[in-house]
Each structure stands twice: as structure tokens, then as C-alpha cells.
Amino acid sequence: MRSETKTIRCNSCEKEFSARVILQIDCAKAADRSIDLSEGEPFLFTCPHCGAKMHLNHFLLWVDEQHTVALCNLADEGELSAVEEALSALVSFGKAASIRRRYLSSPAQLWEKISIFEAGLDDRTVEIVKLYMAEEVRRAYPQKTLTDVLFVCKEGLFGFLFRCPDGDLTVEISKEKLDAVSAQFAFSEPSPQRVDAAWALQFLTGGKSC
Ligand SMILES: [Zn+2]
């Protein structure tokens, strides 16, 4: 784990305080694995002056050697150089051609990617299935407004969480179905560094082969 003490301004009382900000998590280390990403623990801060709890997005590099993944959560594009610096410090892993690097911009996206790669899935498959399923949900529930769709893995079961202002929906999906889609597309390597809904749409409409 790599962290830094930073000054944070409370968004409630507006006073400043110092807090330890986690910048890098290494899955191979037991202490790092105890950090709860599902609840966005590294992004949650408590103001010592007024007790307010707040979520703040910040740079966080997640390194998973076992699944050959480097997930880079960026609060702004200016942090791209910090990724290069951090990865080059990881001598053997940082230079491996097999690393799948992904750029993300929120704790929710980071947790989603962790869930996908830990389940041994290809996130390109997940994004394509997500598009199709979002279309099905829109047809089945025309009165609902989808604000976000996230892959979720709970007790070994896969599904998609459809975020809606008037109540979320969860739809299960089997590993067999995901594997069948993966086999159908036979993605080539290396994979792109941003795999999201925009990538899936471009891929499916023939904008670019990946
Ligand atoms: Zn405060």
C-alpha cells in the first residue's frame, strides 16, 4: 500500500484537516486485501472538526498481479503521468506486456472492474452484454430512467445493477451466457485502456476493432 498525507477541506464546515489518502493497493499483500473497496473505504473521509462523512474521488492505482490487471482510478486527466511513474516502480509487473491497464474515473467503476477481473471475466464481454441488457430493461420498464449500469458479483452469482432514481433493479446473468458472448467475439490483444459503454457501442457498430 502506498499513501500520502493530504489536506482536505470539509464540504460541510469548510475547515481543513489532514488525512491519509491511499494512492496504491497491491492485491498480493495481505494488509492491502483487507481494504474494503465494495463500500469505497479509501474514498471515505471523516471531518475531525464537525464529524461529517464525505466521499472524495482521488487517484488510486489497484495492482493485481495474479489477474495481470492495473486499474487506475483518476480524479482528473492530469494524473495520467502518476500512473506511468507508479507502474515503472513495479519492476517486473510494471513492464509486463500482459498487463491489462484500465483507466476509470469513479470508485464505483473501480469496484466494478475489480469484481469483473476477480471473477476471471473479460470486461469487454461484460460491457457488450451490459448494452444489450440495458436495452431489454428499457423495453421491459419504459417508465424507468436508467442512470447507470454496473456489473455485480454476489456470493458467486453474476448480475447487473440498473441504477434508477425511483428504485434500482438487479438482473442476474449466468457465467455460461457471458462465456458464450466472449467466444462469439474472440477479442484480440492487447485490449484497450478504456473499456466502457462508449467502447462497446463503437465496437458493435464497427467503428473500431479491438
Ligand atoms: Zn467539517
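Residues numbered from 1 in each chain as written. Predicted model: local features only at pLDDT ≥ 70, side-chain atom pairs only at ≥ 80, totals over all residues.

**Points about the sheet that holds strand β8 (residues 148-154)**
In step 1: What the three strands build is an open sheet, ordered β8-β9-β10; its pairing is antiparallel. This sheet does not close on itself; its edge strands, each paired only once, are β8 and β10 (169-173). Across this sheet, the average inter-strand angle for adjacent strands is 30°, counted without regard to direction.
In step 2: Where strand β9 (residues 157-163) and β10 come together, five bridges link them in antiparallel fashion. Bridge pairing in β10 links F162 to L169. (Pairing = 2+ DSSP bridges. Helix = DSSP H or I, 4+ residues; strand = E, 2+ residues; numbered from the N terminus. Axes fitted to C-alpha atoms, helices over the stretch in contact; angles between N-to-C directions.)

**Focus: the domain arrangement of the chain**
In step 1: When the domains of the chain are assigned, the result is domain 1 (2-118) and domain 2 (123-204).
In step 2: Taking only C-alpha atoms, the centre of domain 1 and the centre of domain 2 are 24 Å apart.
In step 3: Taken together, the contact pairs nine residues of domain 1 with 10 residues of domain 2.
In step 4: At the level of elements, β7 (100-104) and α4 (107-118) are the ones that each hand at least two residues to the side of domain 1 that touches domain 2.
In step 5: By residue number, the principal contributor to the side of domain 1 that touches domain 2 is α4, which donates five residues. (Domains from an automatic or database assignment. Contact = placed C-beta atoms within 7 Å.)

**A look at the environment of E65**
In step 1: By secondary structure assignment, the location of E65 is in the loop between β5 (60-64) and β6 (69-73).
In step 2: In this structure the C-alpha to C-alpha distance between E65 and C27, which are 38 residues apart in sequence, comes to 7.3 Å.
In step 3: Non-local contacts of E65, meaning those with residues more than four positions away in its chain, are made with C27, A28 and F93.

**Here's the deal with the environment of L146**
In step 1: Positionally, L146 belongs in the loop between α5 (123-140) and β8.
In step 2: Owing to 15 C-beta atoms within 10 Å, L146 belongs among the partly exposed residues under this scheme.
In step 3: Each residue touching L146, except ones within four places of it in the same chain, is listed here: A134, V137, R138, F162, R163 and C164. (Buried ≥ 20, exposed ≤ 12 C-beta atoms within 10 Å, placed from the backbone.)

**Comments concerning unusual backbone geometry**
In step 1: The omega angle of the peptide bond from E189 to P190 is -5°, so this bond is cis rather than trans.
In step 2: Take P190: it is sitting in the loop between α6 (175-185) and α7 (197-204).
In step 3: Despite not being glycine, E155 has its phi angle at roughly 50°, a positive value.
In step 4: In this structure, E155 sits in the loop between β8 and β9.
In step 5: In this structure, A186 is a non-glycine residue whose phi angle is positive, near 40°.

**A look at the nonpolar core**
In step 1: In this structure, L60, L61, W62, A70, L71, L110 and I114 are the most contacted members of the largest nonpolar core, which totals 26 residues.
In step 2: For this core, the elements supplying multiple residues, two or more each, are β5, β6, α4, α5 and α7.
In step 3: Per-element tally for this core: the top contributor is α4, with five residues.
In step 4: Formed jointly, this core draws a minimum of three residues from each of two domains, domain 1 (2-118) and domain 2 (123-204).
In step 5: Those residues in contact with L71 that sit more than four places away from it in its chain are W62, R102, L104, L110, K113 and I114. (Core = buried A, V, L, I, M, F, W, Y, C linked by C-beta atoms within 7 Å.)

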